[in-house]
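Understanding the architecture of this molecule
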Amino acid sequence: MAKESGSYKFEGWVALDPSSAEGKMVWQEYEPKAWEESDVDIQVTHSGICGSDLHTLRSGWRPTPYPVVVGHEIVGTVVRVGSKAEGGFQVGDVVGVGAQADACLGRDGHTCRQCTTGNENYCADIVPTYAGKHRNDGPAHGGHARYHRCPSHFVFKIPSGLAPELAAPMLCGGVTVYSPLKHFGAGPGRRVGVVGVGGLGHFAVLFAKALGADEVVGISRRAEKRKDALDLGCDDYIATADDEDWPAKNARRLDLIISTVSSKTAPTENGWADGVDTQMPLNDYLKLLDIDGTFVQVGLPEDRVPLSFFSIIPRRLRMAGSGIGSPEEIREMLQLAADKKVRPWVEERPMKEANQAIVDMDAGKARFRYVLVN
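Residues numbered from 1 in each chain as written. Predicted model: local features only at pLDDT ≥ 70, side-chain atom pairs only at ≥ 80, totals over all residues. Heavy atoms only, no water.

1. Here we look at unusual backbone geometry
What counts is decided by this rule: Secondary structure elements follow DSSP: runs of H or I no shorter than four residues count as helices, runs of E no shorter than two count as strands, and numbering proceeds from the N terminus.
At the junction of Y66 and P67, the peptide bond is cis and its omega measures out at -5° in the coordinates. Mapped onto the elements, P67 comes out in the loop between α1 (51-57) and β6 (74-81). In this structure, the amide linkage connecting R367 to the following residue, F368, adopts the cis form with an omega of 0°. Of note, F368 is situated in the loop between α9 (354-362) and β21 (369-373). Even without being a glycine, L105 presents a positive backbone phi close to 55°. Mapping L105 onto the fold places it in the loop between β8 (100-102) and α2 (113-116).

2. Notes on the sheet that holds strand β18 (residues 289-297)
Using the following cut-off: When DSSP locates at least two bridges between a pair of strands, those strands are taken to pair. In this description, a line fitted to the C-alpha atoms serves as the axis of each element, helices being fitted only across the stretch in contact, and the angle between N-to-C directions of two axes falls anywhere from 0 to 180 degrees.
Read across the open sheet, the 6 strands follow the order β16-β15-β14-β17-β18-β19; overall the sheet is parallel. Two strands close off the open sheet at either side, each with one partner strand: β16 (236-239) and β19 (318-321). When strand polarity is set aside, the average angle formed by the axes of neighbouring strands in this sheet is 20°. As paired elements, strand β17 (residues 254-259) and β18 share 5 bridges and run parallel to each other.

3. Let's talk about the domain arrangement of the chain
Our working definition: The start and end points of each domain follow an automatic or database-based domain assignment. In this description, contact between two residues means that some pair of their heavy atoms is separated by no more than 4.5 Å. Once two parts are brought into contact, the accessible area they lose, counted with a 1.4 Å probe and summed over both, makes up the buried area. Any carboxyl oxygen of Asp or Glu within 4 Å of a side-chain nitrogen of Lys or Arg constitutes a salt bridge here. Residue polarity is assigned by list, with Asp, Glu, Lys and Arg as charged and Ala, Val, Leu, Ile, Met, Phe, Trp, Tyr, Cys and Pro as nonpolar; anything else, Gly included, falls into the polar class.
You can read the domains of the chain as domain 1 (11-171 + 345-373) and domain 2 (173-321). Across the contact, 16 residues belong to domain 1 and 22 residues belong to domain 2. Together domain 1 and domain 2 conceal approximately 1,700 Å² of surface at their shared face, both sides included; 55% is due to carbon and sulfur atoms. Along the contact surface separating domain 1 from domain 2 lie 1 salt bridge. Two residues, R367 and D228, come together in a salt bridge whose shortest N-O distance is 2.6 Å. The element best represented in the side of domain 1 that touches domain 2 is helix α3 (residues 164-183), accounting for 3 residues. Of the residues in the side of domain 1 that touches domain 2, the class split is 7 nonpolar, 3 polar and 6 charged.

4. Some points on the nonpolar core
Inclusion rule: Among buried residues, the Ala, Val, Leu, Ile, Met, Phe, Trp, Tyr and Cys ones that are joined through side-chain atoms within 4.5 Å form a nonpolar core. Classification of residues uses two cut-offs on accessible area relative to the type maximum, computed with a 1.4 Å probe and protein chains only: under 20% is buried, over 50% is exposed, and between them is partly exposed.
Judged by nonpolar contacts, the single largest core of 48 residues is most densely connected at L162, M170, L181, F207 and L334. For this core, the secondary-structure elements that each account for two or more residues are α3, β14 (191-195), α4 (199-210), α5 (226-232), β16, β17 and α8 (327-340). Examining the composition of this core, we find that 9 residues originate from one element, α3, more than from any other. Those residues in contact with M170, other than ones at most four positions away along the chain, are L162, V175, F203, F207, M333, L334, A337, V342 and P344.

5. Side note on the pairing of strand β12 (residues 147-151)
Within β12, 5 of the 5 residues are buried, leaving the element largely enclosed by the surrounding structure. Burial along β12 is two-sided: Y147, R149 and P151 and H148 and C150, pointing in opposite directions, are all buried. By the bridge criterion, 5 bridges tie strand β5 (residues 39-48) to β12 in an arrangement that is antiparallel. Looking at the pairing, D41 lines up with R149 of β12.

6. A few points about a nonpolar patch on the surface
Our working rule: A residue counts toward a patch only above 30% relative accessible area and without a salt bridge, and it is joined to like-charged neighbours within 9 Å or, for Val, Leu, Ile, Met, Phe, Trp and Tyr, to nonpolar neighbours within 5 Å. Exposure was quantified through the Shrake-Rupley algorithm and a 1.4 Å probe, taking into account, for residues, occlusion by the shown protein chains and nothing else.
On the surface, L307, F309, I313 and M319 cluster together to form a nonpolar patch covering roughly 410 Å² of accessible area. Looking at the element boundaries, I313 is found in the loop between β18 and β19.

7. Some thoughts on the environment of C112
Inspection of the secondary structure assignment puts C112 in the loop between β8 and α2. In this structure C112 comes out as buried when scored by relative accessible area, which is 9%. In this structure, the C-alpha to C-alpha distance between C112 and C123, residues 11 residues apart in sequence, is 7.2 Å. Here C112 is in contact with C104 and C123, once residues within four sequence places are set aside.

8. Comments concerning the packing of aromatic side chains
Note the following rule: Note on aromatic contacts: the rings of Phe and Tyr and the six-membered ring of Trp form a pair at centre separations within 6.5 Å, being stacked when their planes are under 30 degrees apart, edge-to-face when over 60 apart, and tilted otherwise.
As enumerated under the stated definition, the model contains 9 aromatic pairs in all. The interplanar angle of 75° and the centroid separation of 6.2 Å between the aromatic rings of F10 and Y30 together place this pair among those described as edge-to-face. Residue F10 is located in the loop between β2 (8-9) and β3 (11-14), and its partner Y30 is located in the loop between β4 (26-29) and β5; the two are separated by 20 residues in the primary sequence. Take F10: its relative accessible area is 1%, and that puts it in the buried class. For Y30, a relative accessible area of 7% translates into the label buried.

9. A closer look at the pattern of salt bridges
When charged atoms on two side chains of opposite charge get close, those side chains can pair. Per the stated rule, a full pass over the model turns up 27 salt bridges. Where D255 meets R191, a salt bridge forms, and the shortest distance between an N and an O atom there is 2.8 Å. Here the residue D255 occupies a position in strand β17, and R191 occupies one in strand β14, the gap between them amounting to 64 residues. Here D255 falls in the buried class, since its relative accessible area comes to 12%. What makes R191 partly exposed here is its relative accessible area of 24%. D236 serves as the salt-bridge partner of R253, at 2.8 Å between the closest nitrogen and oxygen. Residue R253 is found in the loop between α6 (246-249) and β17, and its partner D236 is found in strand β16; the two are separated by 17 residues along the sequence. Salt bridges sharing common partners tie together E215, R226, D236 and R253.

This is how it looks when you write it as structure tokens:
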């Protein structure tokens with residue numbers, strides 16, 4: 001039975017098996033996590049479609065614990081606030097939830113260096129917004145639904161002046177690139193490359209410019225994306241499939257590269273795409289970095305990516321990964337977006353069209369993010 005709270009029910013697009021990624025999610029009632037007084041209930045108005053939704057729906061990264069409701073770029077209005085909730089939320093506030101629903105936060109005598117230093121997104125006991133279990137063993141379901149329940153520590157007020165349809169995809173897609181851009185110093189005096197000018201990549205371009213980078217270069221396979229890249233604010237664009245000499249022509253040009261690409265293959269019997277090398281030309285990308293440059297991977301390929309150490313040792317390069325963002329980074333990013341009037345490229349789709357929107361997203365039709373609207 002679905003959990004009711006007051007006059008509302010929890011119902012949404014439920015994935016029952018990997019065929020859900022083919023547009024076969026089912027609209028039905030579902031059981032949310034049991035209410036705790038530290039929680040907030042949100043009536044969902046906007047829910048962004050993230051690439052993680054696709055990977056999860058088809059069990060691309062690992063076997064998905066079906067049934068599950070995906071969606072972790074959630075914006076809506078507060079309808080219920082627990083007596084122990086953080087954040088000073090009131091009924092009617094416009095708030096958002098990203099890809100993380102909880103962490104240990106030092107509870108039950110835990111000593112967690114990550115949670116005590118503002119790095120909750122790297123807590124060993126992280127609870128994802130969907131496809132996981134809450135601390136009370138309740139199921140974690142996302143925002144492609146009418147309502148969402150979340151521990152208040154991971155609920156964020158949306159600043160005035162930032163439209164909800166723009167804020168929603170920032171809560172995962174935006175902060176996934178904002179966090180490494182900020183951490184690795186993508187500000188004045190820095191030259192930044194963005195691999196993959198798409199859903200994540202276009203956010204990287206927008207935020208690199210907002211942070212004041214001297215030069216931002218878009219990097220994608222085909223020349224047909226050049227206009228979009230320049231319209232977003234790129235100073236230049238590299239089409240890797242249309243110029244075989246691109247690594248030599250752009251050698252040592254950049255200080256920081258944010259790579260957003262993630263490839264797709266059919267999962268093996270154990271749920272992973274083991275042993276399959278991707279087409280990602282990682283070693284050529286590394287040639288674009290100057291001495292002490294940093295390459296940050298934020299996309300999660302389902303395939304294996306080959307790396308030659310000869311690509312990193314001669315220029316003292318750093319290889320890094322980065323995952324989502326901390327609560328403080330999310331608040332900071334949202335305020336920067338409001339102040340700098342950062343406008344991601346968003347197409348709104350009715351919540352009732354979620355299945356078709358998922359299929360269209362997988363086909364690469366989004367320019368560059370779909371947001372489902374109730």
